[in-house]
Amino acid sequence: MTHRLTSKDILALGFMTFALFVGAGNIIFPPMVGIQSGEHVWVAAFGFLITAVGLPVMTVIALARVGGGIDALSSPIGKAAGLLLATVCYLAVGPLFATPRTATVSFEVGIAPLTGDGALPLFIYSLIYFALVIGISLYPGKLLDTVGHFLAPLKIVALTILGVAALLWPAGGIAPATADYQRAAFSSGFVNGYLTMDTLGALVFGIVIVNAARSRGVQDAKLLTRYTMLAGIIAGVGLTLVYLSLFKLGSGSAGLVDQNANGAAILHAYVQQTFGGMGSFFLAALIFVACMVTAVGLTCACAEFFAQYLPLSYKTLVFILGLFSMVVSNLGLSHLIQISIPVLTAIYPPCIVLVVLSFTLKWWNKSTRIIAPTMLVSLLFGIVDAIKTTSFKEVLPLFSQHLPLADQGLSWLPPSLVMLVIAAVVDRAKGREQVAVHQ
């Protein structure tokens, strides 16, 4: 008998997918774009939505089509290269950066205003926080119940209250757009959306979503694909609504905070102004639940991935990853971000290329000829963009500063497109050669 999900379970799967995506970064970035883009807010918002919603949803759908994991998606580039890419992605969005960041950001927004920003309060908080993360992650089969039916709805209610408030009670006037947004509102929004890193998150979460459907007894590959796609689309609609309300909140907060304030400060000021003292408590609870769900999703995904390749059980890996993330979170956010930005800037372009080209496999005689060289070029130029974010940028040749789209942080895009065209021509020629030989 073929197991099918009930409508309630499909909705819960969608809510779970949405909740996995909405971490602290997703709540903090849009208000910053809103306040800085001024009168160009909706042009910037459109650019932001393409990379912060469009690409992650595409990634979830791409993974659903191949059955769940980044290793299956990367098969055209060969086993070793695919495994290396997957390992780097899992480590970057897992214990090295994103999981510790969920603890540090939720501490800074929710707890630090009450306790002060000291090392001891952070240590105690991270201890409790990761004990909860480990506890929930030990039972991945129950994720649909704990996250989909309980934590995600809680998060959605809190975000809805914030969104409705932003629409009904804007806090102040709109400031004129900053120089970057005056010059190129669309591409500034585009790159800011790309910095939420949700496409990398989606590469990692794909397997969690598929396994949550499997935990309900669904085995049929076509049904798994359909349910995962539906979950991705529900999450995409939810993300779009959240982002639009947060752009509105940011763009109307110019009277409350300096235009260069970070997203946490903008949210804090708005919530204080609109909800008073209770507002701080509400914001702390919202960010705590948002971060917790993302941390659980990342820990489950990383443990499931590494359990396939290491002689350690899933549960042992959950403990190791949780404890390691706790230690890293105590290094402080600024150190963490300094190390992570270059790594993420380098690996993001090949991941985008892999996802987008996975939809074109049927067009080619041999997909490896297309995907491998295009990803390689995007990685090389991604590394150039990454070096530009560090103190080693002086070693780069002068021409690298003047590549097309270099100002937008997208200098990898034109050379990747050129490589794609060349590879497509070679694929057609070689494909024809083989056909000619057979005749």
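Bear in mind the structure is a predicted one, so any value in this text is a computation, not a measurement.

Colleague: Whenever I open this one, the overall build of the chain confuses me. Can you help?
Modeller: Across its full length, the chain carries 17 helices and 0 strands. Expected size for 439 residues packed as a compact globule is a radius of gyration near 22 Å; at 22 Å, the chain falls within 12% of this value. Viewed in the frame of its principal axes, the chain has a C-alpha envelope of about 80 × 60 × 40 Å. Every one of the 439 residues in the chain was classed for burial, and the buried ones make up 54%. Residue pairs in contact within the chain that sit at least 24 positions apart in sequence constitute 81% of those at least 6 positions apart. If you sum the accessible surface of the chain, you get close to 18,900 Å²; carbon and sulfur atoms cover 71% of it. The average position of the 22 basic charges and that of the 16 acidic charges among the side chains of the chain differ by 13 Å.

Colleague: Honestly, the packing of aromatic side chains in this entry has me stumped. Any pointers?
Modeller: One pair of aromatic rings is described through two measures. These are the centre distance and the angle between the planes. Inspection of every chain in the model, using the stated rule, returns 15 aromatic pairs. Ring centres of F305 and Y309 lie 5.2 Å apart, and the angle between their planes is 55 degrees; on these two criteria the pair is classed as tilted. You can call F305 buried: its relative accessible area is 2%. Taking the relative accessible area as the measure of exposure, Y309 reaches 40% and is therefore partly exposed. By way of ring pairs, the aromatic residues F107, Y125, Y129, F130 and F288 are connected into one cluster.

Colleague: Looking at this structure, how should I read the nonpolar core?
Modeller: Side chains of nonpolar character tend, in soluble globular proteins, to be buried together. Residues L13, Y90, Y129 and L200 are the most contacted members of the largest nonpolar core, which totals 137 residues. Sort the elements by how many residues they give to this core and helix α13 (residues 277-307) lands first, with 17 residues.

Colleague: Can you help me understand helix α5 (residues 79-93) in this one?
Modeller: Side chains of residues three or four places apart in an α-helix project in the same direction, reflecting 3.6 residues per turn. Here α5 spans 21 Å end to end across 15 residues, near enough to the 21 Å set by a 1.5 Å rise per residue. What α5 keeps buried is the set G82, L85, A86, C89, Y90, A92 and V93. On an axial view of α5, the arc spanned by its buried residues comes to 165 degrees, and they lie on one face. Exposed and facing more than 90 degrees away from the buried side of α5 are A80 and L84.

Colleague: Even after reading the chapter, I still don't get the environment of F48, so can you show me in this structure?
Modeller: Turning to its location among the elements, F48 is positioned in helix α3 (residues 41-66). For the pair F48 and L244, spaced 196 residues apart in sequence, the C-alpha separation works out to 10 Å. Those residues in contact with F48 that lie beyond four places of it in its chain are F29, P30, V33, V53, G189, F190, N192, G193, T196, Y243 and F247.

Colleague: So what exactly am I meant to see when it comes to the pattern of salt bridges here?
Modeller: Between side chains of opposite charge, pairing is possible as soon as their charged atoms come close. Scanning all chains against the criterion turns up 2 salt bridges. Notably, a salt bridge pairs R369 with D427, separated by 3.0 Å at the nearest N-O pair. Of this pair, R369 sits in helix α16 (residues 367-388) while D427 sits in helix α17 (residues 413-438), placing them 58 residues apart in sequence. Judged on exposure class, the residue R369 and its partner D427 are both buried. Note that R428 and D427 form a salt bridge whose closest N and O atoms lie 3.7 Å from each other. A relative accessible area of 35% means that R428 is categorised as partly exposed. Salt bridges here are not isolated pairs; linked through shared partners, they connect R369, D427 and R428.

Colleague: Explanation requested: the packing of helix α1 (residues 7-21) against helix α11 (residues 221-251) in the structure shown.
Modeller: For any two helices packed against each other, one specifies the crossing angle of their axes together with the interaxial distance. At their nearest, the axes of α1 and α11 sit 8 Å apart, and the two run at 55 degrees to each other. In terms of their interaxial angle, α1 and α11 are classed as oblique. Of the two elements, α1 crosses α11, and the hand of that crossing is right-handed. Note on element contacts: α11 touches α1 through Y227, L230, A231, I234, A235, G238, L239 and V242, opposite I10, L11, L13, G14, F15, T17, F18 and F21. When its residues are assigned to classes, the contact of α1 with α11 shows 13 nonpolar, 3 polar and no charged.

Colleague: Any chance you could explain the environment of T104 here in plain terms?
Modeller: Among the structural elements, T104 can be located in helix α6 (residues 98-115). Considering only alpha carbons, one finds T104 and K8, 96 residues apart in sequence, at a separation of 34 Å.

Colleague: Got a minute to help me understand helix α9 (residues 179-194) in this structure?
Modeller: At A185, α9 shows its maximal bend, which comes to roughly 110 degrees. Along α9, the positions that sit buried rather than exposed are Y181, A184, A185, S187, S188, G189, F190, V191, N192, G193 and Y194.

Colleague: Please clarify how the packing of α5 against α13 should be interpreted in this entry.
Modeller: With their axes 10 Å apart at the nearest point, α5 and α13 run at an angle of 150 degrees to one another. With respect to each other, α5 and α13 are oriented roughly antiparallel. Note on packing geometry: the crossing formed by α5 with α13 is left-handed. Residues L83, A86, T87, Y90, L91 and V93 of α5 pack against L298, A301, C302, F305 and F306 of α13. Class assignment of the residues belonging to the contact of α5 with α13 gives a composition of 10 nonpolar, 1 polar and no charged.

Colleague: Looking at this structure, I do not really get the confidence of the model for the chain. What am I missing?
Modeller: Detailed reading of the predicted coordinates is not advisable wherever pLDDT is low. Per-residue pLDDT for the chain averages 82, and the proportion of residues at 70 or more is 95%. Predicted confidence in the chain is weakest over α9, with a mean pLDDT of 77, and strongest over helix α14 (residues 314-329), with 92. pLDDT under 50 marks residues 435-439. Its contacts with residues more than four places away, or in other chains, come to 0 contacts.

Colleague: Please clarify how a nonpolar patch on the surface should be interpreted in this entry.
Modeller: Taken together, the side chains of L120, F123, I124, L127, I128 and L132 present a nonpolar region at the surface, about 560 Å² in accessible area. Position of I124 among the secondary structure elements: in helix α7 (residues 119-137).

Colleague: Before we go on, may I ask you to explain the environment of D9 in this structure?
Modeller: With respect to the element layout, D9 can be found in helix α1. D9 gets classed as buried once you look at its relative accessible area, which sits at 12%. Sequence separation between D9 and T360 is 351 residues; the distance between their C-alpha atoms is 31 Å.

Colleague: Just to check I follow, could you spell out the state of the cysteines for this structure?
Modeller: Here, the word disulfide means a covalent bond between the sulfur atoms of two cysteines. Overall, the coordinates contain 0 disulfides when judged by the stated rule. With no disulfide partner, C89 has as its closest neighbouring cysteine sulfur the one in C351, 3.6 Å distant. A relative accessible area of 0% means that C89 is categorised as buried. Distance from the sulfur of C291, which forms no disulfide, to the nearest cysteine sulfur (C300) is 16 Å. You can call C291 buried: its relative accessible area is 0%.

Rules used in this analysis
- Residues numbered from 1 in each chain as written.
- Predicted model: local features only at pLDDT ≥ 70, side-chain atom pairs only at ≥ 80, totals over all residues.
- Heavy atoms only, no water.
- Helix = DSSP H or I, 4+ residues; strand = E, 2+ residues; numbered from the N terminus.
- Rg over C-alpha atoms; globule rule 2.2 N^0.38 Å.
- Buried < 20%, exposed > 50% of the residue type's maximum accessible area, 1.4 Å probe, protein only.
- Contact = heavy atoms within 4.5 Å.
- Areas by Shrake-Rupley, 256 points an atom, 1.4 Å probe, with all protein chains shown as cover.
- Lys, Arg positive; Asp, Glu negative; His and termini not counted.
- Charge placed at Lys NZ, Arg CZ, Asp CG, Glu CD.
- Phe/Tyr/Trp six-rings, centres within 6.5 Å; stacked < 30°, edge-to-face > 60°.
- Core = buried A, V, L, I, M, F, W, Y, C linked by side-chain atoms within 4.5 Å.
- Expected span 1.5 Å × (residues − 1).
- Arc of directions from axis to C-beta.
- Salt bridge = Lys/Arg side-chain N within 4 Å of Asp/Glu carboxyl O.
- Axes fitted to C-alpha atoms, helices over the stretch in contact; angles between N-to-C directions.
- Parallel < 35°, antiparallel > 145°, perpendicular 65-115°, else oblique.
- Left-handed = near helix turned anticlockwise from the far one by under 90°.
- Nonpolar A, V, L, I, M, F, W, Y, C, P; charged D, E, K, R; others polar.
- Bend = angle between axes of the 7 residues up to and from the residue.
- pLDDT = per-residue confidence, 0-100.
- Patch = residues over 30% accessible without salt bridge, like charges linked within 9 Å, V, L, I, M, F, W, Y side chains within 5 Å.
- Disulfide = S-S within 2.5 Å.

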